[in-house]
Amino acid sequence: MRSRLSTKYVAETFFIIVISFVGLAAVYYGMVSQYTQERQLDQMSGIAEHVCEVVREENAAAQPRLLDMMELLSESVPCKLVLMDANGRLLLSTGVSETLSPEALGSDTLLLLGADAGYKGQLTGLFSQPEQVAARSVSLGDRKLIVVVSGLQNAAESTMDALMRIFTTASYGALLVMLLAVYFTANRMTRPLKSMSYAARRFGQGHFDVRVRVVGDDEMAELAMAFNNMADSLDKNEQMRASFIANVSHDLKTPMTTISGFVDGILDGTIPPELQPHYLQLVSDETRRLSRLVNTLLDLAKFESDEVELKMGPFDLCETVRQVLISFEKNIGDKGLSLDLSMGDETIMARGDADAIHRVVYNIVDNAVKFVPQGGELRIELDKKDRQAVCSICNSGEGVPAADLPHLFDRFYKTDKSRSLDRRGSGLGLYIAKTIIDRHGGSIKADSVPGESCTITFTLPLYQQRPTVADIVSGKPGRAERTEEQPEPEETP
């Protein structure tokens, strides 16, 4: 049978409580025993003092009134009273059932009992067994008498037994209350864990809509919030995975159907020989489209596993943008777009992997050209700001809905759900661009004015060259602001 966490918690806590109560009982017993013994000795010392006063008033130890008083006192307390002289000779005794042996007391003991300050402690020899006694001395002329009081031990033991019974009863009640409190507390504390366990089982079955209720602001609530955040991430990834499968299935099925239909038409003669070159060209275009999709998926896997090694170094961001625009010359001309290219400087030296940044710019421009309407505008601005190279790529058109803007750089996310415009996209271009920019230590963001335009801006660190010896001698700061002695690392994994 499985041992539940709440059961373990209750058992361990109950064991700790029992051990604590046993220790508390031992300390309590010791303190009460010591207190009772001291009170007993103080009470017996008071009785002995009282007897001494009576003896002093009567001025004679053998008076009948003294004996009557001692008998009455020994019966009412009850206690044992013994009156003897300084030589140990027994004069009077009350409440004593055993045979007394005052002659067995040594001279040192008699001196101790007859001390002016009195005596409180254990006495051996007078009674049949050692007892706790209180002794006082009284002087009658040249004669010294000693009053010894004992016999309150049974009363003290009865008091101790009563107190321990009260303590034991209270302890049993407290243990029961604590056990119930610990049980309900353990169930309350483990309830979120049970909810998370249930949710985890539901996740394993493919249901990502389960959430854990967050109560309070303690560590368990933080764990519940972290669990819900994980659930949101899993749900989001599942939705993106489903969307990706649907998109990829469509992107694979459409060209494969086209290729299969045209090839079958050529083989069975449906397509006449004079039209075959045209349809073979279409087959070639669809094949390249499939190849691009597969390569994109492979690149995604490499970027996510950090298999792509970036070769960091200086490169001209302006030149990279120019190269990308040249590759889009035909697409821009076919759509009749107006291109506005603005550069703060003819040369902006950034630090990074030139090929990787070329892909970033290509993906962003490709996305912009794809969604810009016929005869629209494409605007690219490059500048330097706060030791950063800034590149903004803006296209006119419908823009991006506000609800879609936070997800624009997510994997497999496509704003054109109808696929009327984004027929050849996989929803990975901007995600790969963001991954590359993040690995360069830059930033990327998207802004949109619905119905007017969409702008994607990314930043990269500027390349900061160390001043040369000639610059230092001439007092010039060099071509950049970098003054560190260490050379710039060539590669960053």
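All values derive from a computational prediction rather than experimental measurement.

All right, on to the sheet that holds strand β2 (residues 90-94) then. On the basis of which strands lie adjacent, the open sheet formed by five strands has the order β2-β1-β5-β4-β3 and antiparallel pairing. Unpaired on one side and paired on the other, β2 and β3 (119-123) mark the two borders of the sheet. Within the sheet, the average angular offset between the axes of one strand and its neighbour, ignoring direction, is 25°. As paired elements, β3 and strand β4 (residues 131-140) share five bridges and run antiparallel to each other. Paired with Gln 122 across the bridge in β4 is Gln 132.

When you tally the buried positions in strand β10 (residues 388-396), you get eight out of nine residues, the bulk of the element. Of the pairings in the sheet, the one linking strand β9 (residues 377-385) to β10 comprises eight bridges and is antiparallel in character. Residue pairing for β10: Lys 385 is matched across the bridge by Gln 388. Joining the antiparallel neighbours β9 and β10 is a turn of two residues, in which Asp 386 adopts a positive phi near 50°. Where β10 meets strand β12 (residues 453-461), nine bridges bridge the pair, whose relative direction is antiparallel. From the neighbouring strand, Val 390 faces β12, where its bridge partner is Thr 459.

Quick look at the pairing of β4 now. Of all 10 residues in β4, eight are buried; the element is thus mostly enclosed. Relative to strand β5 (residues 143-150), β4 is paired through seven bridges, and the arrangement is antiparallel. Within β5, the position partnered with Leu 140 by the bridge is Arg 143. Where β4 hands over to β5, the hairpin turn is made up of two residues, of which Gly 141 adopts a positive phi near 70°.

Inspection of the entire model under this criterion finds 12 salt bridges. Across the salt bridge formed by Lys 80 and Glu 131, the nearest N and O atoms sit 2.7 Å from each other. Of the two residues, Lys 80 sits in strand β1 (residues 80-85) while Glu 131 sits in strand β4, which places them 51 residues apart along the sequence. Each of the two residues, Lys 80 as well as Glu 131, counts as buried. For Lys 330, the salt bridge is made with Asp 334, and the minimal N-O distance between the two is 2.9 Å. Linking Lys 330 with Asp 334, this pair stays in helix α8 (residues 329-335), spanning four residues, or about one helical turn. Of the two residues examined, Lys 330 and Asp 334, each falls in the exposed class. Within the structure, one salt-bridge network assembled from shared partners comprises Arg 211, Asp 232 and Asp 235.

Mapped onto the fold, Thr 457 is located in strand β12. Classification of Thr 457 as buried rests on a relative accessible area of 12%. When near neighbours in sequence (up to four residues on either side) are disregarded, Thr 457 contacts Val 390, Cys 391, Ser 392, Ser 443, Ile 444 and Lys 445.

Turning our attention to the nonpolar core. Proteins that are soluble and globular tend to have nonpolar side chains buried together. Within the largest apolar cluster, 45 residues are counted, with the highest numbers of intra-cluster contacts made by Leu 382, Ile 393 and Phe 458. Counting residues per element, the ones that place at least two in this core are α7 (317-327), α9 (354-371), β9, β10, α10 (429-439), β11 (443-449) and β12. Broken down by element, this core gets its largest block of residues, eight residues, from α9. Excluding residues within four positions of it along the chain, Phe 458 makes contact with Leu 317, Val 360, Val 361, Ile 364, Ala 389, Val 390, Cys 391, Ile 437, Ser 443 and Ile 444. Counting 22 residues, the second-largest nonpolar core is a separate cluster that includes Ile 47, Leu 66, Leu 92 and Val 149.

This brings us to unusual backbone geometry. Backbone geometry at Asp 386 places phi at a positive 50°, although glycine is not the residue there. The residue Asp 386 is located in the loop between β9 and β10 in this model. We classify Asp 386 as exposed; its relative accessible area is 67%.

Evaluated as defined, the whole model comprises zero disulfides. Its sulfur unpaired, Cys 318 is 8.8 Å from the next cysteine sulfur, which belongs to Cys 391.

On the surface, Asp 217, Asp 218, Glu 219 and Glu 222 cluster together to form a negatively charged patch. Here Glu 222 shows up in helix α5 (residues 219-267).

All right, on to the sheet that holds β12 then. Read from one edge of the open sheet, five strands run β7-β9-β10-β12-β11, paired in mixed fashion. At either margin of the open sheet sits one strand with a lone partner, and together these are β7 (338-343) and β11. With direction set aside, neighbouring strand axes in the sheet form an average angle of 10°. Here β11 runs beside β12; their pairing, made up of seven bridges, is antiparallel. Paired with Ser 443 across the strands is Thr 459, a residue of β12.

Calculation criteria
Residues numbered from 1 in each chain as written. Predicted model: local features only at pLDDT ≥ 70, side-chain atom pairs only at ≥ 80, totals over all residues. Heavy atoms only, no water. Pairing = 2+ DSSP bridges. Helix = DSSP H or I, 4+ residues; strand = E, 2+ residues; numbered from the N terminus. Axes fitted to C-alpha atoms, helices over the stretch in contact; angles between N-to-C directions. Buried < 20%, exposed > 50% of the residue type's maximum accessible area, 1.4 Å probe, protein only. Salt bridge = Lys/Arg side-chain N within 4 Å of Asp/Glu carboxyl O. Contact = heavy atoms within 4.5 Å. Core = buried A, V, L, I, M, F, W, Y, C linked by side-chain atoms within 4.5 Å. Disulfide = S-S within 2.5 Å. Patch = residues over 30% accessible without salt bridge, like charges linked within 9 Å, V, L, I, M, F, W, Y side chains within 5 Å. Areas by Shrake-Rupley, 256 points an atom, 1.4 Å probe, with all protein chains shown as cover. Lys, Arg positive; Asp, Glu negative; His and termini not counted. Charge placed at Lys NZ, Arg CZ, Asp CG, Glu CD.

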